[in-house]
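Residues per chain, in single letters:
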Amino acid sequence: MAKPVVWPASEAECSRAGAVLARAFIRERLVIACYPPPMPDLELLAKRFSASLRYACRVGQVWAIGTSKDDIADGCHGLPRTCGAAAA
C-alpha cells in the first residue's frame, strides 16, 4: 500500500478534489440540512465543492491528499481571516 502524500493543489486539480469531497459528504447530515428538498445530485454537489476549492486557490490555499497526483483521495482549503469580511 502506497503512503499518502499531501501537496498544494493547483486550480486544475480542484475539480477532481471537489468530486472526491462530494462523494464523501453527499450523505452527511449537515450537508443534507443545508439544502432544501430535493437534495442536489452528486454532480451538482461536486460542482459546488469544486467552485469553493477554485476560489480558495485564488485567495488562500488548497491541499490535496492522495497516493499520487493521479489519485486524489481528499482535499481541504484554508482561507485568510479577512476573506469575505466587509470593508470598514
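For the structure itself, consult the block above.
Just so you know, these numbers come straight off a predicted model, no measurement behind them.

### Here we look at the overall build of the protein chain
Then, in step 1: The helix and strand tally for the protein chain stands at three helices and three strands.
Then, in step 2: Along the protein chain, helices and strands appear, N-terminal first, in the series β-α-α-α-β-β.
Then, in step 3: Out of the 88 residues in the protein chain, the part that is buried amounts to 25%.
Then, in step 4: For the protein chain, the share of sequence-separated contacts (at least 6 apart) that also reach a separation of at least 24 residues comes to 59%.

### Quick look at unusual backbone geometry
Then, in step 1: Here the residue pair Pro-37 and Pro-38 is connected by a cis peptide bond, since its omega of -5 degrees sits within 30 degrees of zero.
Then, in step 2: Within the secondary structure, Pro-38 sits in the loop between helix 2 (29-34) and helix 3 (42-59).

### Focus: the sheet that holds strand 2 (residues 61-68)
Then, in step 1: With respect to topology, three strands assemble into an open sheet ordered 1-2-3, the strand pairing being antiparallel. Across the chains shown, the open sheet's two edge strands, defined by having one partner strand only, are strand 1 (5-8) and strand 3 (71-78). Within the sheet, the average angular offset between the axes of one strand and its neighbour, ignoring direction, is 25 degrees.
Then, in step 2: Relative to strand 2, strand 1 is paired through four bridges, and the arrangement is antiparallel. Among the inter-strand pairings, Val-6 is bridged to a residue of strand 2, identified as Ile-65.

Scoring rules and cut-offs
Residue positions are given per chain, counting from 1 as you read along its sequence in written order. Since the coordinates come from a predicted model, pLDDT governs what is reported: local features require at least 70, and pairs of side-chain atoms require 80 or more to be given and counted, while whole-chain, interface and lining totals use all residues. Side-chain numbers here rest on the full set of heavy atoms in the structure, without hydrogens or water. Only DSSP runs of H or I reaching four residues or more are called helices, and only runs of E reaching two or more are called strands; each is numbered from the N terminus. Per-residue accessibility, obtained with a 1.4 Å probe over protein chains only, is compared with the maximum for each type, and a residue is labelled buried under 20%, exposed over 50%, and partly exposed between these values. Here a residue-residue contact requires only that any non-hydrogen atoms of the pair lie within 4.5 Å. Strand pairing requires that DSSP identify at least two bridges connecting the strands. Each axis is a line fitted through C-alpha atoms, taken for helices only over the stretch in contact, and angles between the N-to-C directions span 0 to 180 degrees.

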